[in-house]
Amino acid sequence: MASSSSTRMIPYTSSSTFDSHSRWSWDVFLNFRGKDTRGSFTDHLYWALNRCNIKTFRDDEGLRKGEEIDPELLQAIEESRIVVVVFSKNYADSKWCLDELVKIMSCKEEREQKVIPIFYHVDPSEVRNQREIYKEAFTGHEENADEEKRGKIRRWKTAMREAGKLAGYDVKVDSYESETIQDIKEIRGTIPMVLDVNENIVGMDSRLERLVSGLEIQPNGVRMVGVCGLGGIGKTTIITTLYNKISNQFRRTSFLTNVREESTKDSGLLKLQQQLLDDTLGVKGQLTLKNIHEGVKVIKEKLSSKKVLVFVDDIDDSRQLEHLVGSHSWFGHGSRIIITTRKKYLLTAHGVYYMYGVDKLNDFEALQLFCSYAFKQHLPGKGYGDLSIQVVRYADGLPLALKVLGSLLFKKGVKDWKSELKKLAEVPNKEITNVLKISYDGLDHTQKMIFLDIACFFKGRPMEIVTQVLDGSRFKEESGINALVDRCLITISTNKNIEMHDSLTQMGKEIVYKECPNEPGERSRLWKHEDVCRVLTINTGTEKIEGMVFNDQCTSEHEIKFTSEAFKRMTRLRVLDVYNNRVQLSEDFAFPSHDLTSLIWVGYSLASLPSNFHGNNLVELSLIRSNIKGLWEGNLCLKKLTRMNLNGSQQLIEIPEFSTMPNLEILLLSGCVNLETLPRDIHKLKHLLHLYCKGCSKLTSFPEIKRNIRKLETLFS
């Protein structure tokens with residue numbers, strides 16, 4: 001082992017700083033005399049730097065022709081973050097080396113580049129003061145030199161004098177060159193890898209501020225942070241920007257991209273483990289893993305004492321976490337691990353306690369982002385203001401949608417914009433849908449059914465009601481709803497309503513539409529007015545229909561007739577919502593109700609429900625402003641019914657005994673002006689929470705409310 005004096009760092013006599021966020025084409029530019037070190041020291045240094053993922057430009061003046069430096073070479077010097085100058089015995093003989101040195105020292109001042117001299121088998125003072133062999137070289141240049149050349153020589157000498165004063169490495173004849181190269185490789189810690197981030201980003205500062213605060217970079221402990229959100233919300237953009245912001249605070253970094261996709265490839269996880277080690281240890285080509293189990297062992301052994309910054313982007317399986325960042329103990333104090341995913345539950349199970357949920361852009365940010373793609377500026381072009389707002393409203397703050405649609409409409413005329421908006425109202429953009437559908441495809445059958453129910457019927461409705469209705473459909477509603485929340489496919493608002501992004505809603509409806517594009521009666525769910533009209537008019541309904549919503553979108557003043565025949569084959573109907581008070585029914589009207597869990601019929605025209613009505617699974621019954629007089633005849637028992645809304649049913653005279661609906665929680669009777677009495681067995685409603693009877697003018701007496709109705713919160717009469 002050589003003594004420490006054999007290879008030593010010469011102290012700085014001037015400071016040099018550089019912007020860690022600047023865009024550089026090269027990390028290091030090597031300036032050297034080819035005949036001295038081309039096949040030895042410089043070659044070994046070049047390959048050592050490249051193995052550390054340090055992008056290095058090697059200039060070999062011995063391979064160049066002509067008198068002047070090539071423009072490409074000058075550009076390479078300008079675009080290199082660090083320049084390493086290898087001063088060797090014959091360096092000063094080369095006018096190309098000296099011309100480059102002048103350019104290098106100029107860039108040091110103008111572009112704040114870092115210049116590191118290596119004094120290879122020469123004394124630093126010989127370089128600094130141009131003594132000994134360097135003096136001889138300059139004497140040779142000065143022979144027969146005209147005034148122009150003498151001016152160039154003076155610039156050479158000045159550049160060499162300034163370079164000789166800088167901190168560098170002194171490589172003596174009897175030293176181990178490998179030790180010096182190992183020391184030089186440490187410059188890797190001063191070279192943050194700057195990742196490419198699209199210039200069209202908005203709203204980043206506030207989001208980064210929240211994420212950085214969650215990282216708590218200063219404390220020594222190991223911290224894992226999760227970044228979650230639906231596809232296209234901007235998770236990768238945020239962490240890429242974060243990497244560029246904080247990576248210069250870590251000597252060892254790794255950014256593992258597209259982990260979900262890469263893991264599906266042959267030996268994908270093994271290659272990701274290899275990349276993690278290559279990035280953080282700088283051992284590219286020196287350490288080869290045989291299998292993922294060895295990878296886990298080596299990662300733990302090599303990184304447990306090292307402070308690292310690791311980004312793991314887009315995980316969708318616990319195995320990916322287990323084999324890449326298995327535990328906090330795998331990494332040294334001060335390490336930070338940032339993980340992005342669409343599946344929050346994976347982070348929770350992995351012990352990631354701080355999670356940052358990426359919010360959609362607000363309207364102002366969304367308009368800015370859209371315009372940056374559609375107009376290459378932050379404001380709409382003249383005559384496109386209203387159209388731009390329509391697109392932004394459609395995208396609903398989703399960056400992916402804003403980018404795709406902005407690029408699509410760039411340089412298009414107003415007519416094309418209107419045509420595209422009309423098309424989007426019917427058919428979602430395929431590029432957007434392909435990204436979003438990845439999360440849907442990862443659901444099991446029940447979860448997919450719940451997702452489609454919410455997209456088609458239940459978006460914006462109270463979570464409590466929706467979960468009860470889904471439970472009535474024999475879905476595992478609690479685990480299903482939680483799975484959708486964990487995958488960022490739905491959110492629960494502060495007032496406990498189920499919310500879904502508009503693009504996801506449209507995607508869900510498109511999935512149902514593709515079940516049978518040409519015949520609505522062969523689809524599982526119907527929500528479009530024209531589709532429902534077609535099915536009920538020409539009797540094309542089938543057992544495949546599970547849910548149907550009929551909205552009041554018809555401009556005609558004529559009454560609409562529903563027939564029993566039209567419903568006859570819909571034996572699996574679970575959800576029937578009618579919001580149209582012009583629907584007329586025959587007295588013998590009937591519809592399948594064995595599987596029915598939600599029946600909402602505004603303006604129901606008959607005096608009672610059909611005689612063959614089955615309510616075994618009914619959870620929600622809403623007959624607002626109906627003509628109903630009595631709900632049903634006979635001994636019908638609705639054990640699952642929790643919510644009944646008969647508001648505004650002015651013909652209602654009586655309500656069945658409450659013993660037929662023992663689990664009722666909400667009873668709404670406001671505006672039932674002909675209702676004279678309530679069943680006296682109201683005390684049997686042990687789960688009743690809310691009872692409204694406002695405006696029931698003939699309701700002169702009220703049954704006794706006994707103590708066993710302990711849950712009653714609201715009584716409005």
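Residues numbered from 1 in each chain as written. Predicted model: local features only at pLDDT ≥ 70, side-chain atom pairs only at ≥ 80, totals over all residues. Heavy atoms only, no water.

**What about helix 6 (residues 132–142)?**
And then number 1: For helix 6, the complete set of buried residues consists of Tyr-134, Ala-137, Phe-138 and His-141. Each buried residue of helix 6 sits inside an arc of 95° when the element is viewed along its axis, so together they form one side. Opposite its buried face, helix 6 presents the exposed residues Lys-135 and Glu-136, each directed more than 90 degrees away.
And then number 2: Buried residues belonging to helix 6 abut strand 4 (80–87), helix 4 (95–110), helix 5 (124–129) and helix 7 (147–164).
And then number 3: Directly beyond the C-terminal end of helix 6, a positive phi value near 60° is found at Asn-144. (Buried < 20%, exposed > 50% of the residue type's maximum accessible area, 1.4 Å probe, protein only. Helix = DSSP H or I, 4+ residues; strand = E, 2+ residues; numbered from the N terminus. Arc of directions from axis to C-beta. Contact = heavy atoms within 4.5 Å.)

**Comments concerning the packing of helix 2 (residues 41–51) against helix 8 (residues 177–184)**
And then number 1: Where helix 2 meets helix 8, the closest approach of the two axes is 10 Å, and the angle between their N-to-C directions is 40°. One way to sum up the angle between helix 2 and helix 8 is to call them oblique. For the element pair helix 2 and helix 8, the recorded crossing hand is right-handed. Between helix 2 and helix 8, the contacting residues are Phe-41, His-44, Leu-45 and Ala-48 on the first element and Glu-177, Thr-180, Ile-181 and Ile-184 on the second.
And then number 2: Per-class residue counts for the contact of helix 2 with helix 8 are 5 nonpolar, 2 polar and 1 charged. (Axes fitted to C-alpha atoms, helices over the stretch in contact; angles between N-to-C directions. Parallel < 35°, antiparallel > 145°, perpendicular 65-115°, else oblique. Left-handed = near helix turned anticlockwise from the far one by under 90°. Nonpolar A, V, L, I, M, F, W, Y, C, P; charged D, E, K, R; others polar.)

**What about the confidence of the model for the protein?**
And then number 1: Averaged over every residue, the pLDDT of the protein is 87; residues scoring 70 or more account for 91%.
And then number 2: Below a pLDDT of 50 lies the segment residues 1–22, which in the model reaches 51 contacts outside its immediate sequence neighbourhood of four places, other chains included. (pLDDT = per-residue confidence, 0-100.)

**Topic: the nonpolar core**
Within soluble globular proteins, side chains that are nonpolar tend to cluster in buried spots.
And then number 1: In terms of nonpolar packing, the biggest core is built from 113 residues, with Ile-339, Phe-370 and Phe-451 touching the most fellow members.
And then number 2: At 9 residues, helix 21 (residues 445–458) tops the list of elements feeding residues into this core.
And then number 3: Apart from residues lying up to four places away in sequence, Phe-451 is in contact with Tyr-440, Leu-443, Leu-484, Leu-489, Met-500, Leu-504, Met-507 and Gly-508.
And then number 4: With 54 residues, the next largest nonpolar core counts Val-535, Met-570, Ile-628 and Leu-667 among its residues. (Core = buried A, V, L, I, M, F, W, Y, C linked by side-chain atoms within 4.5 Å.)

**Overview of the pattern of salt bridges**
And then number 1: Scanning all chains against the criterion turns up 27 salt bridges.
And then number 2: Here Arg-131 ties to Glu-132 by a salt bridge, and the two come within 3.6 Å at their closest N and O atoms.
And then number 3: For Lys-437, the salt bridge is made with Asp-441, and the minimal N-O distance between the two is 2.8 Å. Linking Lys-437 with Asp-441, this pair stays in helix 20 (residues 430–441), spanning 4 residues, or about one helical turn.
And then number 4: The class of Lys-437 is partly exposed, set by a relative accessible area of 28%.
And then number 5: Linked by salt bridges that have partners in common, Asp-453, Arg-525, Glu-546, Arg-572 and Arg-574 make up one network. (Salt bridge = Lys/Arg side-chain N within 4 Å of Asp/Glu carboxyl O.)

**Observations concerning the environment of Ile-498**
And then number 1: Within the element layout of this structure, Ile-498 appears in strand 13 (residues 498–499).
And then number 2: When its relative accessible area of 0% is taken as the criterion, Ile-498 is described as buried.
And then number 3: With 32 residues separating them in the primary sequence, Ile-498 and Val-466 have C-alpha atoms 8.3 Å apart.
And then number 4: Non-local contacts of Ile-498, meaning those with residues more than four positions away in its chain, are made with Ile-454, Phe-458, Lys-459, Gly-460, Arg-461, Met-463, Val-466, Ile-481, Ile-490, Thr-491 and Ile-492.

**Section: the sheet that holds strand 8 (residues 252–256)**
Adjacent strands of a sheet pair through backbone hydrogen bonds, lying either parallel or antiparallel.
And then number 1: Taking strand neighbours across the sheet as the criterion, the 5 strands line up as 8-9-10-7-11 in an open arrangement whose pairing is parallel. Each edge of the sheet is formed by a strand with only one pairing partner; in this case those strands are strand 8 and strand 11 (354–357). For this sheet the average axis-to-axis angle between neighbouring strands, irrespective of direction, equals 15°.
And then number 2: As paired elements, strand 9 (residues 308–315) and strand 10 (residues 336–341) share 5 bridges and run parallel to each other. In the strand pairing of strand 10, Ile-315 is matched with Thr-341. (Pairing = 2+ DSSP bridges.)

**A short note on the environment of Trp-330**
And then number 1: For Trp-330, the location among the structural elements is in the loop between helix 14 (318–324) and strand 10.
And then number 2: Note on Trp-330: relative accessible area 6%, which makes it buried.
And then number 3: The spacing of Trp-330 and Val-391 is 61 residues in sequence and 47 Å in space, taken between C-alpha atoms.
And then number 4: In this structure, Trp-330 is in contact with Val-296, Ile-299, Lys-300, Leu-303, Ser-304, Glu-322, His-323, Leu-324 and Val-325, ignoring residues within four places of it in sequence.

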